[in-house]
Amino acid sequence: MFSALKTGSVTTGALSVPRLTVAAFDGMAVERRILAEKGIPDEVIPTLIKARKVVTSKHYHRIWRKYVAWCEARRAPTEEFQLGRFLHFLQSGVSLGLKLGSIKVQISALSIFFQKELAALPEVQTFVKGVLHIQPPFVPPVAPWDLNVVLGFLKSHWFEPLKTVELKYLTWKVVMLLALASARHVSELAALSHKSPYLVFHMDRAELRTRPQFLPKVVSSFHMNQPIVVPVATGDLEDSELLDVVRALKIYVTRTAKVRKMESLFILYASNKLGAPASKQTIARWICNTIQQAHSAAGLPPPKSVKAHSTSKVGFFLGGCPRGLGITTLPSSYLVGIKHICKVLQV
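Now for a quick tour of the structure.

**Here's the deal with the sheet that holds strand 4 (residues 205–208)**
Ordered in space as 3-4-5, the three strands form an open sheet in which the pairing is antiparallel. Among the strands making up the open sheet, the edge pair consists of strand 3 (199–201) and strand 5 (228–231). Sheet twist, expressed as the average angle between the axes of neighbouring strands with direction ignored, equals 15 degrees. As paired elements, strand 4 and strand 5 share four bridges and run antiparallel to each other. If you follow A206 over to strand 5, its bridge partner there is V230. Running at roughly 120 degrees to strand 3, helix 11 (residues 245–256) makes contact with strand 3, strand 4 and strand 5 of the sheet.

Structure representation (structure tokens):
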């Protein structure tokens, strides 16, 4: 790629394309140049760019810019691929503490930048293996959080009666119950709508769908159109109604109707941002806060492992799946989501 860019600029017809520099770096413009130099018509380029998610493209562009800056600092050619220089760049990331996953993302991003299958190069494969041995993929055990404690907290005076409690706690309860009942990713919860036909209440259930603009991790007809169906909680428990996500949803939609500013189902409750849509990071934080405060209210130490974290995607860690909690006493509609949410509910 950019084999002609060895001086200050490259001339293509009547156009003079400036050399890549950090000061004038534009990731989208670079991507268009990559495709244009392959002979792709201008009309086709936007479609090809759309093949990747916007967040992925932005991440790749940041890596490209970082590589350009790294080369400039060493007065090395930016546009010419040189294996030793490329491995040196990867090693600088390892030295800074980057994990293997991040290194692999850099390899993928720069493969597009240089239009080469860098991951297939023997030396790169050996480097990746070396990083794997230096940083073994060990996951330390984490303290589990107690599901019964959390559900008991959701039935306490902080959250009932739902029609009059503080909007903050109403929001936390709806988010937590829906996460348990649906076992969906936080990004999907953030993409839900409060409007019909994306939210429909039936006598025995509620059906929710993500907004059309949302792209799931796997973009297919099945994943795009699969509804989230949560039944009305039933059971022999006298207080099963207190864990009914359909009831909570109805009250939440009614109470927030006058303050909504967007179509999003979940909105911010802080006075200075009241009605604005809640991001997936915010929803993740609400769930983590619910779990931590539930343990504190019960006189138990909050699980330190429950935290929002950010790598190539933003998510939240809910700790190990609780054992011996008597979960058979829960409404059956919630059991399907427990195993999933007790692991990692990804962004």
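**Digging into the nonpolar core**
By size, the foremost hydrophobic cluster in this structure holds 50 residues, and its most contacted members are L178, L208, V230, L265, F266 and I283. Mapped onto this core, the elements with two or more residues apiece are helix 7 (147–154), helix 8 (167–182), helix 9 (186–190), strand 4, strand 5, helix 11 and helix 12 (280–297). The element that contributes the greatest number of residues to this core is helix 8, accounting for 12 residues. Setting aside chain neighbours within four positions, we find F266 in contact with V174, V175, L178, L189, L192, Y252, A276, P277, A278, I283 and W286. Counting 29 residues, the second-largest nonpolar core is a separate cluster that includes W64, A76, I103 and L118.

**A few points about unusual backbone geometry**
Following E160, the chain continues into P161 via a peptide bond in cis, with omega recorded as -5 degrees. Assignment of secondary structure puts P161 in the loop between helix 7 and helix 8. Residue S196 is joined to P197 through a cis peptide bond whose omega torsion reads 10 degrees. Within the secondary structure, P197 is located in the loop between helix 9 and strand 3. The phi dihedral of Q115 falls on the positive side, at around 55 degrees, and the residue is not glycine. Turning to its location among the elements, Q115 is positioned in the loop between helix 5 (100–114) and helix 6 (122–134). The partly exposed category is assigned to Q115, whose relative accessible area is 37%. With a phi angle near 55 degrees, A183 is a residue other than glycine that sits in the positive phi range. Tracing the chain through its elements places A183 in the loop between helix 8 and helix 9.

**Let's talk about the packing of helix 3 (residues 54–73) against helix 5**
As a packed pair, helix 3 and helix 5 sit with axes 9 Å apart at the nearest point and diverge in direction by 80 degrees. Judged by the angle between their axes, helix 3 and helix 5 are roughly perpendicular. The residues of helix 5 that touch helix 3, namely those facing H59, Y60, I63, W64, K66, Y67 and V68, are V105, Q106, S108, A109, L110, I112, F113 and F114. Residue composition of the contact of helix 3 with helix 5, grouped by class: 11 nonpolar, three polar and one charged.

**Concerning the packing of aromatic side chains**
A full pass over the atoms with the stated rule returns 15 aromatic pairs. Measuring from ring centre to ring centre gives 5.8 Å for Y252 and F266, while their planes differ by 45 degrees; the resulting arrangement is tilted. Taken together, the residues Y252 in helix 11 and F266 in the loop between helix 11 and helix 12 connect sequence positions 14 residues apart. Measuring from ring centre to ring centre gives 5.4 Å for Y269 and W286, while their planes differ by 25 degrees; the resulting arrangement is stacked. With a gap of 17 residues between them, Y269 in the loop between helix 11 and helix 12 and W286 in helix 12 connect regions that are remote in the sequence. When its relative accessible area of 24% is taken as the criterion, Y269 is described as partly exposed. With a relative accessible area of 3%, W286 lands in the buried category. The rings of W64, Y67, W70, F81, F86, F89, F113 and F114 are connected pair by pair, giving a single aromatic cluster.

**Topic: the environment of F214**
Turning to its location among the elements, F214 is positioned in the loop between strand 4 and helix 10 (221–225). Spatially, the C-alpha atoms of F214 and A190 are 9.4 Å apart, while their sequence positions differ by 24 residues. With sequence-adjacent residues up to four places away left out, F214 is seen in contact with S187, E188, A191 and M224.

**Quick word on the side chain of Q106**
Within the fold, Q106 resides in helix 5. The contact partners of Q106, leaving out residues within four places of it in the chain, are I63, K66, F89, L90 and L98.

**Describing the pattern of salt bridges**
In the structure shown here, the tally under the stated rule is six salt bridges. Taking the shortest distance from any N to any O, the salt bridge between E188 and R184 comes out at 2.9 Å. Per residue, the accessibility class of E188 equals that of R184, and both read buried. Close ionic contact of E207 with R205 constitutes a salt bridge, the shortest N to O distance being 3.0 Å. Of the residues examined, E207 reaches a relative accessible area of 23% and is grouped as partly exposed. Relative accessible area serves as the criterion here: at 26%, R205 is assigned to the partly exposed category. Salt bridges here are not isolated pairs; linked through shared partners, they connect E160, K173 and R247.

Basis of the calculations
Residues numbered from 1 in each chain as written. Predicted model: local features only at pLDDT ≥ 70, side-chain atom pairs only at ≥ 80, totals over all residues. Heavy atoms only, no water. Pairing = 2+ DSSP bridges. Helix = DSSP H or I, 4+ residues; strand = E, 2+ residues; numbered from the N terminus. Axes fitted to C-alpha atoms, helices over the stretch in contact; angles between N-to-C directions. Contact = heavy atoms within 4.5 Å. Core = buried A, V, L, I, M, F, W, Y, C linked by side-chain atoms within 4.5 Å. Buried < 20%, exposed > 50% of the residue type's maximum accessible area, 1.4 Å probe, protein only. Parallel < 35°, antiparallel > 145°, perpendicular 65-115°, else oblique. Nonpolar A, V, L, I, M, F, W, Y, C, P; charged D, E, K, R; others polar. Phe/Tyr/Trp six-rings, centres within 6.5 Å; stacked < 30°, edge-to-face > 60°. Salt bridge = Lys/Arg side-chain N within 4 Å of Asp/Glu carboxyl O.

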